[in-house]
Amino acid sequence: MSTVLQVSDLRKAYSGVHALDGVSFTVDAGSITGLIGPNGSGKSTTIDCISGFQKLDSGKVVLAGNDITGRISHLIARAGMMRTFQTVRVYEKLSLRDNLAIAAQQFDAATWMDEFFRTKRYRVAVEASEKRARQLVDLIGLQKYYDIETGILSYGQKKLVALAAALMPHPKIVVLDEPVAGVNPTRIREIEVALQQLNQAGETFLIVEHNVEFITTLCHKVIVLDQGLKLAEGTAAEIHADSRVLEAYLGTTPEIAEEEMRASA
Amino acid sequence: MKRALPLALLCALALGALPLVTSSNYFVGIGVSALIFTVAAAALNLVYGFTGLLSFAQLGFWGIGGYTTALTVVTFGGNFWMGLVYAAVLNGVVALVVGFPILRTNRHAFVISTLTFALLVALVARDWVELTRGPLGIPNLPPPRAFGVVFDSTHKFYWIAWAFSVAMIAFLYALCSSRIGRTLVAIKQNEPLVRAQGISPMPYKLAAFAIGAAITGAAGGVFTFYLRIIDTSFLDFYYMQTFLIIVIIGGAGSFWGVIASGIALSALPEALRFSADFRMIIYGVILVAAMYLMPSGVAGWLRERQIARVRKALQ
């Protein structure tokens, strides 16, 4: 498998406090990679830095062969990395249709001139975007809300909309920031199934999440951060067996942690 | 937005016929103000309602437009039409220069900066006496001419105001109902999300600010030649207040809501003339009541009702 995202020696300090102290990892094309760690371990800082929403102090981020280190957020998105946010972000006063159309519009060749004259290029672009939107809406099961503004949807449904929007322009990688935090269990299952289907269709995901069960069922590879450092990396089973991870994540001895983890699962 | 188009065209034609149905200078005069104020309010709606930038600089642009058009004719030997073009271009350039730094500041700082800009323009108009003649103003502006017609009466001038506002509103409609308009709304609602989707918000904001400025400036130019005089009172806060009230009552962000409220509210203070002493108080009461009952404007109120219906239907 080829590497789509390569992060090396990422460092970031907030007024002296090292949020990231040399984090390196890779994401393979077509995989689901999980990023977990206790609060303050640097998960959010990591994805904010690689997606350009925070300036990194040093390190290198390579997306599909392009060095995107230090680029501004919208240019990183154009390079093929789409992200969602921890507190869900959708255009609440626009319809689901418009939410999805906007997510794709920067990526087609149609300019405002094309739109004004309704050229073929514009029609082709709109048609393609509409087709993709329909597919994604079918997948997330929100067909009947297609023409309704997304503000009326529930929190979990908005998370699905954010996911669909991130997928609209066929990105090289989708970075999900806590996709199931604050979402009820039935909806979590739906999101899980949707992500699996999308992954089978070839989409690549990097997921930051607190929900260990969610991560271990979905991810091919799990990276564990603690205090700005990569603590461990491996398959879900390997991570489960790693006593350092359990200690850092739960702050207890392996035996008790095992038990707690089993109980939470 | 698109459903209202046939109705809007019908209204435009009906308004165009106003000078034919009444010989009263008074009514036609109200019509001229209503049309021009509506255009200025629609421009503010582009900046504030669509893009979310509360700009008091519109008053400054209105003044710069008025003075530019007047000075083009009186001092620089051009005609009214050239004056309008200069007003639009100058305002566009000023807006780009001013907007470039201040659009980078936060929302509150932006509002204060635009307010300061408007006050600064008023100060220049008062104190640069060699150019603007200060408080004396520039009276007796010649009526515009075109194709051998002299637009020297209110009835004739109405056609200019009508053609101007139809053209400007059509342009703004095309802009607001396009992808660009949709992107502006997206920027207003969630700027980080816009950036995460590969769209740089700055060019859009700057373009909206500059286009709003150019149109406001041209509107100021037309209004100056309707008054046939310009002085420092042209930069009175009364105008800004009028534009803002039209936008807020109509529903910021609703294209046709603001157009309809522009026409209605410009006529309202006049319609209340039956009680000359109390009319501005009644006007104020109506405004407060409207805001109390419909905090997001008439269009916002209608929209909320529609959403409530949809929500009910889905349950």
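Residues numbered from 1 in each chain as written. Chains lettered and ligands numbered in written order. Predicted model: local features only at pLDDT ≥ 70, side-chain atom pairs only at ≥ 80, totals over all residues.

## Digging into the overall build of chain A
The line we're drawing: Only runs of H or I of at least four residues qualify as helices and only runs of E of at least two qualify as strands under DSSP, and these elements are numbered from the N terminus. We compute the radius of gyration over the C-alpha atoms and compare it with the globule rule, which gives 2.2 Å times the number of residues raised to the power 0.38. For every residue pair, C-beta atoms are placed from the backbone, and the pair is scored as a contact if these atoms sit within 7 Å.
The secondary structure content of chain A amounts to 11 helices and 10 strands. In summary, chain A has a C-alpha radius of gyration of 19 Å against a globular reference of 18 Å for 265 residues, a match within 12%. With respect to the principal axes defined by its C-alpha atoms, chain A has extents near 65 × 40 × 35 Å. For chain A, restricting intrachain contacts to residue pairs at least 6 apart in sequence, the fraction spanning at least 24 positions comes to 66%.

## Thoughts on the confidence of the model for chain B
All names here are of chain B. In plain terms, the rule: What pLDDT conveys is the predictor's confidence in a given residue, as a value from 0 to 100.
Taken residue by residue, chain B gives an average pLDDT of 88. The fraction at 70 or more is 96%. By mean pLDDT, helix α14 (residues 279-293) is the weakest element of chain B at 77, and helix α11 (residues 201-227) is the strongest at 95. As scored by the predictor, the complex reaches a pTM of 0.88 and an ipTM of 0.88.

## As for unusual backbone geometry
All names here are of chain A. Selection rule: Whether a residue is buried, exposed or partly exposed follows from its count of other C-beta atoms within 10 Å of its own C-beta, namely 20 or more, 12 or fewer, or something in between, respectively; the C-beta atoms are built from the backbone.
The phi dihedral of Ala64 falls on the positive side, at around 45°, and the residue is not glycine. Looking at Ala64, the number of C-beta atoms within 10 Å reads 17, which means it is partly exposed. A positive phi angle is found at Arg118, which is not glycine, with a value near 50°. Tracing the chain through its elements places Arg118 in the loop between α4 (112-116) and α5 (120-140). For Arg118, a count of 11 C-beta atoms within 10 Å translates into the label exposed.

## A few points about the interface of chain A and chain B
The criterion, for reference: Three classes are used, and their members are as follows: Ala, Val, Leu, Ile, Met, Phe, Trp, Tyr, Cys and Pro are nonpolar, Asp, Glu, Lys and Arg are charged, and the others, Gly among them, are polar.
Between chain A and chain B, the residue contacts involve 23 residues of the former and 20 residues of the latter. Counting only elements with at least two residues in the side of chain A that touches chain B, the list comes to α2 (73-78), β6 (81-83), α3 (96-105) and α4 of chain A. Tallied by class, the residues present in the side of chain A that touches chain B amount to 11 nonpolar, 4 polar and 8 charged.

## A look at the packing of α3 of chain A against helix α9 (residues 179-189) of chain B
The packing of two helices is summarised by the inter-axis angle and the distance between the axes. Under the convention used in this document: Lines fitted to C-alpha atoms define the axes, with helix axes restricted to the stretch in contact, and inter-axis angles between N-to-C directions lie between 0 and 180 degrees. Here roughly perpendicular refers to angles of 65 to 115 degrees, roughly parallel to angles under 35, roughly antiparallel to angles over 145, and oblique to all remaining angles.
Axis separation between α3 of chain A and α9 of chain B bottoms out at 11 Å; the angle between their running directions is 105°. Relative to α9 of chain B, the element α3 of chain A lies roughly perpendicular. Of the residues in α9 of chain B, those in contact with Asp98, Ile102 and Gln105 of chain A of α3 of chain A are Arg179, Arg182, Thr183 and Ala186 of chain B. Classifying every residue of the contact of α3 of chain A with α9 of chain B gives 2 nonpolar, 2 polar and 3 charged.

## A short note on the sheet that holds strand β8 (residues 205-208) of chain A
All names here are of chain A. The condition is simple: Note: two strands are recorded as paired if DSSP finds a minimum of 2 bridges between them.
Taken in spatial order, the 6 strands of this open sheet run β6-β7-β8-β3-β9-β10, and their pairing is mixed. The open sheet has two edge strands, β6 and β10 (229-234), and neither has a second partner. Averaged over all neighbouring strand pairs, the angle between strand axes comes to 20°, with direction disregarded. With 4 bridges connecting them, strand β3 (residues 32-36) and strand β9 (residues 221-226) associate as parallel partners. Counted as the bridge partner of Thr33 is Lys221 from β9.

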